[in-house]
Amino acid sequence: MKAKIDRFIEFSNSACEADSEFEVAAIYAACEQLKEELESDERLSHECRELICNIMTYVREVLRIDGESADITIATDSILSLGMSLSTQFNILQNNRASNYSD
């Protein structure tokens, strides 16, 4: 699951740099697929699921998936900061599970 989280963060970060229609479609499809895979995993915490949904909101804004214009700077900054938060939350989740197994 860690690899999927890392790929999701990597793809969402690359949304900030997409400049062709092909890149936009590929990045969005990859993010959406990973989002669905991660959300279906029962081991993922509520906090991580919420961060993933928020990241996807900003990915849609940056890629203009819904056709609306967005403040790209705010959306880009949000993707980057939420990605770091997701990584941190997932690490906390893993550490908590590891300590539960060692008890």
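Everything that follows concerns the structure shown earlier in this document.
Residues numbered from 1 in each chain as written. Predicted model: local features only at pLDDT ≥ 70, side-chain atom pairs only at ≥ 80, totals over all residues. Heavy atoms only, no water.

Undergrad: I'd like a rundown of the overall build of the chain, residues and numbers included.
TA: When helices and strands are tallied, the chain shows four helices and zero strands. The helix and strand sequence of the chain, counted from the amino end, reads α-α-α-α. Each principal axis of the C-alpha atoms in the chain carries an extent, and together these give about 50 × 25 × 20 Å. Residue pairs at least 24 apart in sequence account for 67% of intrachain contacts in the chain once pairs closer than 6 positions are excluded. When the accessible area of the chain is evaluated, it comes to approximately 6200 Å², of which 49% is carbon and sulfur surface. Within the chain, one finds 9 positive and 20 negative side-chain charges whose respective centroids are separated by 7 Å. (Helix = DSSP H or I, 4+ residues; strand = E, 2+ residues; numbered from the N terminus. Contact = heavy atoms within 4.5 Å. Areas by Shrake-Rupley, 256 points an atom, 1.4 Å probe, with all protein chains shown as cover. Lys, Arg positive; Asp, Glu negative; His and termini not counted. Charge placed at Lys NZ, Arg CZ, Asp CG, Glu CD.)

Undergrad: Talk me through the pattern of salt bridges; I want residue IDs and the actual numbers.
TA: Overall, the coordinates contain five salt bridges when judged by the stated rule. A salt bridge links Glu 39 to Lys 35, with the shortest nitrogen-to-oxygen separation between them at 3.4 Å. One end of the pair, Glu 39, and the other, Lys 35, are both in helix α2 (residues 21-39), four residues apart, so they sit about a helical turn from each other. Taken together, the shared-partner salt bridges connect Glu 32, Lys 35 and Glu 39 into one network. (Salt bridge = Lys/Arg side-chain N within 4 Å of Asp/Glu carboxyl O.)

Undergrad: Hey, could you go over the packing of α2 against helix α3 (residues 46-63) for me, with residue numbers and the actual values?
TA: Relative to each other, α2 and α3 sit at 165 degrees, their axes nearing to 11 Å. In terms of their interaxial angle, α2 and α3 are classed as roughly antiparallel. Note on packing geometry: the crossing formed by α2 with α3 is left-handed. Residue-level contacts link Val 24, Ile 27, Tyr 28, Cys 31, Glu 32, Lys 35, Leu 38 and Glu 39 of α2 to Arg 49, Ile 52, Cys 53, Met 56, Val 59, Arg 60 and Leu 63 of α3. In terms of residue class, the contact of α2 with α3 is made up of 10 nonpolar, no polar and five charged. (Axes fitted to C-alpha atoms, helices over the stretch in contact; angles between N-to-C directions. Parallel < 35°, antiparallel > 145°, perpendicular 65-115°, else oblique. Left-handed = near helix turned anticlockwise from the far one by under 90°. Nonpolar A, V, L, I, M, F, W, Y, C, P; charged D, E, K, R; others polar.)

Undergrad: Break down the environment of Arg 64 for me, with residues and values.
TA: Relative to the assigned elements, Arg 64 resides in the loop between α3 and α4 (72-102). On a C-alpha basis, the gap between Arg 64 and Val 24 in space is 8.8 Å, while along the polypeptide they are 40 residues apart.

Undergrad: Can you break down the packing of helix α1 (residues 2-14) against α3 residue by residue, with the values?
TA: It is the contact of α1 with α3, at a shortest axis distance of 11 Å, that shows an interaxial angle of 20 degrees. It follows that α1 is roughly parallel to α3 by the angle criterion. Where α1 crosses over α3, the handedness of that crossing is left-handed. Together, Ile 5, Phe 8 and Ser 12 of α1 and Ile 52, Ile 55, Met 56 and Val 59 of α3 make up the contact between the two elements. The residue inventory of the contact of α1 with α3, partitioned by class, reads six nonpolar, one polar and no charged.

Undergrad: Can you break down α1 residue by residue, with the values?
TA: A rise of 1.5 Å per residue sets the reference length of α1, with its 13 residues, at 18 Å; its end C-alpha atoms lie 18 Å apart and thus fit the reference within 8%. For α1, the complete set of buried residues consists of Ile 5, Phe 8, Ile 9 and Ser 12. Buried positions in α1, seen along its axis, are confined to an arc of 95 degrees and lie on one side of it. Structural note: α1 exposes Ala 3 and Glu 10 on the side pointing more than 90 degrees away from its buried face. (Expected span 1.5 Å × (residues − 1). Buried < 20%, exposed > 50% of the residue type's maximum accessible area, 1.4 Å probe, protein only. Arc of directions from axis to C-beta.)

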